[in-house]
Amino acid sequence: MNTDRRTLRLVVDSRRATDGVLAAVDLTEVVERAAREAAERAAKTTDPTVLYDQLNAALGDEQLAERLGEPPSESEPEAAATLLTEVLVDDGSGGEGALTDDESTRVAEAFLAELQRELVAIDDEAMGLVELGAAARRRGAVETARDALELAREIAREADDSRAAAAALAGLGDVALRDGSADDAEEQYQASLDRARESGDESAEATALAGLGNVDLQREALDAAEEYHRESLAISRRIDDQSTEANSLASLGTIADRRGDADTAETYLRESLDLKRLVGDEAGEATALASLGSLEEGRGAYAEAVDHYVAAAEGFASTGQTEARLEALQGVVDCQQADGRTADAVETCEDALSVLDDVGMADADSYRRWFRTRHAGLTGDAEAVASLYEQALGLIADGDDPGAFELLDGLWECRSAFDPETTAYSHCLRAGVAFAAYHLLLEEPAVDTGPEEIVETIDAYREALSEPAAVLLAFVRSGGADRELDIDPESPAAEGSVDAIERRVFADFLDRISETPPPAELYAEALARIADSDGDLQTVVQLCLVTWENGEPDSRPVLGAGLVAEVHRERFDIRLPFDRETVVDRIEANRTELSAPLAVLFERFTTGSTDVTPEELVETADTDDPTIVDVERVVVARLLGWLDD
């Protein structure tokens, strides 16, 4: 293990924390011992006490904390020792016992070396970091969680501690799953399961199995998810691990709910809730209550759902899980509105916005957009709608597609609060046009409302649209096929008005969504997402489909995209707009166009076997300066593993 930026950042942040998740771990003694050892042996001419004081001051320095928190760049030295050295020189630049450049370098390097030894030597330190990582993940501090868990994994490996390694790997799986990286999560959980079984740790085995079940649950592979969770449930009951038992019961409840079996789902969720309360898991109790709220909402029992959601929000608040609290409050607003309790829904929106004003979190803007648009619709606030529409146009212009998409979605839903002849209603319809257009740009079904439904609704009120919105609507109605449409960016409206801004933004937006990336670029993007575990199933398959449908039939990107899509069909049992025979026949007719790794994949896919192993493919891939073939090697290695499984 090397004590790097990540480790130093965790140490610095934990020493500076007075509350929040980092206050859950105390590395003070570790730091003190490492600092004194470094001071004793790193400088011969300076008092060790002075060195120790200066090192402590450097660890608490805002400059170091900021530098460690920044992503490394070519102009910003990345090495932890370099950053610490620079701060030591600054802190010791004057006064008696000041450090010289040479001394500060020796102190920094010695301290980090001692810190490494201290962390590895401390019993249960890895498990403490695992707990820290879990707490950070629950609070939404993803980077802190990842730092703590990766450090715990390295410490566990150094100490050959299978129990801690399994726990750290499972925690990293939880972080990856929360980020939507199902493939990465699966790898972490599988590695955790292997370590748990090697060491005979049945509790860790049950946890890893539950994690793998949650991966399949995210993928909507319900049968596989149920099998994992039932295996986890059997183990946890046998060893009386009530916490893991409660988690698997909750997941089995979710599986039953998605299958439409509300009664079975409720039985599982209430069993989980009882166990969570029994073991004192307040965060888990809140999660179970939120799931029961969702279940009752689906039944149309809105009053009961509100009670569950409110209790869940209170539990999340007391355990510091702001994001989960806000999601529960969203459920409250939905149910209150559905139940005709408009005033209560408005009050809940205002409470949520107050929460957002008091906390700092990565997704704060996203939640703020949701509650503000919902508040505007509930109150019929035309001025708020105009302001939010102008904000949405600004986000489109800035290229903040996720933010614009969310705001346009919310504004479209606001239309029912206004009369069709009002300007506010027009703003909502125009937002709906842009919202529908985004479906063409994103190339994936991001929400339940499709562009066809929006177009059908708007058609009855087309006179309420502005001229630029009407042109954009025509493009959406054509399914993106009419590339002759154009919007003049020059507006007769007053400069700075919403109409003038809209015309300019929609003109650029139409130009952007009219351009389809070349098939080779789409294919490369699909491969990159698989290689980096940075893409959900729908996105990867959609990229492959667009490549297949728009490229030259005998080109390698098209052939590769078709083959990759077919492997996804094989693995996840999904539907594609073409049959397997069509893909196989086209590839067979153009087999010489395949790269070596694609040829290996095609052989395995059509015959069931190949002499080339995934390990061989990965070993021959140049990861420093990869070509498209190198990326194909990495991707094919992963896909071969899928087919073998």
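Since we're looking at a predicted model, the values are computed, not measured. (Residues numbered from 1 in each chain as written. Predicted model: local features only at pLDDT ≥ 70, side-chain atom pairs only at ≥ 80, totals over all residues. Heavy atoms only, no water.)

Q: Help me understand the overall build of the chain in this model?
A: Along the backbone of the chain there are 32 helices and zero strands. Evaluated residue by residue, the chain yields a buried proportion of 50% over its 645 residues. Contacts in the chain between residues at least 24 apart in sequence constitute 61% of all its contacts with a sequence separation of at least 6. For the chain, the exposed area adds up to about 29200 Å²; of that, 43% sits on carbon and sulfur atoms. (Helix = DSSP H or I, 4+ residues; strand = E, 2+ residues; numbered from the N terminus. Buried < 20%, exposed > 50% of the residue type's maximum accessible area, 1.4 Å probe, protein only. Contact = heavy atoms within 4.5 Å. Areas by Shrake-Rupley, 256 points an atom, 1.4 Å probe, with all protein chains shown as cover.)

Q: Any chance you could explain the pattern of salt bridges here in plain terms?
A: As a working rule, side chains carrying opposite charge can pair if their charged atoms are close by. One pass over the full model with this rule turns up 38 salt bridges. One salt bridge in this structure joins Arg 571 and Glu 186, with 3.1 Å as the shortest N-O distance. Pair noted here: Arg 571 is in helix α28 (residues 556-572) and Glu 186 is in helix α10 (residues 182-199), with a separation of 385 residues, a long-range link. Judged by its relative accessible area of 24%, Arg 571 falls in the partly exposed class. Here Arg 477 ties to Asp 459 by a salt bridge, and the two come within 2.5 Å at their closest N and O atoms. (Salt bridge = Lys/Arg side-chain N within 4 Å of Asp/Glu carboxyl O.)

Q: So what exactly am I meant to see when it comes to the packing of α28 against helix α29 (residues 580-589) here?
A: The angle between the axes and the distance between the axes are what describe a pair of packed helices. One way to put it is that α28 packs onto α29 with a least axis distance of 10 Å and a crossing angle of 145°. Here α28 and α29 pass one another in a crossing that is left-handed. Here Val 558, Leu 559, Gly 562, Leu 563, Glu 566, Arg 569 and Glu 570 of α28 come into contact with α29, specifically with Arg 580, Val 583, Arg 586 and Ile 587. Classifying every residue of the contact of α28 with α29 gives five nonpolar, one polar and five charged. (Axes fitted to C-alpha atoms, helices over the stretch in contact; angles between N-to-C directions. Left-handed = near helix turned anticlockwise from the far one by under 90°. Nonpolar A, V, L, I, M, F, W, Y, C, P; charged D, E, K, R; others polar.)

Q: How should I be thinking about helix α25 (residues 498-513) in this particular structure?
A: In an α-helix, one full turn covers 3.6 residues, which means residues spaced three or four apart are oriented alike. In this model, α25 (16 residues) spans 22 Å end to end at C-alpha, consistent with the 22 Å of a helix rising 1.5 Å per residue. Restricting attention to buried positions, one finds in α25 the residues Val 498, Ala 500, Ile 501, Glu 502, Arg 503, Val 505, Phe 506, Ala 507, Phe 509, Leu 510 and Ile 513. (Expected span 1.5 Å × (residues − 1).)

Q: Just to check I follow, could you spell out the nonpolar core for this structure?
A: Generally speaking, nonpolar side chains in soluble globular proteins are found buried as a group. Within the largest apolar cluster, 47 residues are counted, with the highest numbers of intra-cluster contacts made by Ile 396, Leu 408, Leu 411, Ile 458, Leu 472 and Phe 506. Going through the elements one at a time, α20 (382-398), α21 (401-413), α22 (423-442), α23 (451-459), α24 (467-477) and α25 are the ones with two or more residues in this core. Broken down by element, this core gets its largest block of residues, eleven residues, from α22. Ignoring anything within four residues of it in the chain, the contact list for Ile 458 reads Trp 412, Leu 429, Gly 432, Val 433, Leu 465 and Leu 473. Leu 527, Val 583, Phe 602 and Ala 637 belong to the second-largest nonpolar core, a separate cluster that totals 40 residues. (Core = buried A, V, L, I, M, F, W, Y, C linked by side-chain atoms within 4.5 Å.)

Q: Is there a simple way to think about the environment of Val 455 in this case?
A: Among the structural elements, Val 455 can be located in helix α23. Sequence-wise, Val 455 and Gly 432 are 23 residues apart; in three dimensions their C-alpha atoms are separated by 8.5 Å. Residues in contact with Val 455, not counting those within four places in the same chain, are Leu 473, Val 476 and Arg 477.

Q: What should I look at first to understand the packing of aromatic side chains in this one?
A: Ring pairs (aromatic) are described by centroid distance and by the angle formed between their planes. Applying the stated criterion across every chain yields a total of seven aromatic pairs. Centre to centre, the rings of Phe 405 and Tyr 438 are 6.0 Å apart; their planes meet at 90°, and the pair counts as edge-to-face. Of this pair, Phe 405 sits in helix α21 while Tyr 438 sits in helix α22, and the two are 33 residues apart along the sequence. Exposure class is identical for Phe 405 and Tyr 438. Each is buried. With a centroid separation of 4.8 Å and 45° between ring planes, the pair formed by Tyr 438 and Phe 509 is classed as tilted. One end of the pair, Tyr 438, is in helix α22; the other, Phe 509, is in helix α25, with 71 residues separating them in the sequence. For the residue pair Tyr 438 and Phe 509, the accessibility class agrees, reading buried in each case. (Phe/Tyr/Trp six-rings, centres within 6.5 Å; stacked < 30°, edge-to-face > 60°.)

Q: Teacher, can you tell me more about unusual backbone geometry here?
A: Leaving glycine aside, a negative phi is the common case for residues, and trans is the common case for peptide bonds. Despite not being glycine, Glu 220 shows a phi value in the positive range, around 65°. Relative to the assigned elements, Glu 220 resides in the loop between α11 (202-218) and α12 (222-238).

Q: Whenever I open this one, α10 confuses me. Can you help?
A: With 18 residues, α10 should reach 26 Å at 1.5 Å per residue; the first-to-last C-alpha distance of 26 Å fits that figure. Elements in contact with the buried residues of α10: α8 (142-158), α9 (162-178), α11, α28 and α32 (628-644). Phi turns positive, to about 75°, at Gly 200, one or two residues after α10.

Q: Would you take a moment to explain the packing of helix α17 (residues 322-338) against helix α18 (residues 342-358) for this structure?
A: One way to put it is that α17 packs onto α18 with a least axis distance of 8 Å and a crossing angle of 165°. Between α17 and α18, the crossing angle belongs to the class labelled roughly antiparallel. Regarding α17 and α18, the two cross each other, and that crossing is left-handed. Counted together, Thr 322, Arg 325, Leu 326, Leu 329, Val 332, Val 333, Gln 336 and Gln 337 of α17 and Thr 342, Asp 344, Ala 345, Thr 348, Cys 349, Ala 352, Val 355 and Leu 356 of α18 form the full contact between these two elements. (Parallel < 35°, antiparallel > 145°, perpendicular 65-115°, else oblique.)

Geometric descriptors of this kind do not, in isolation, establish any biological role.
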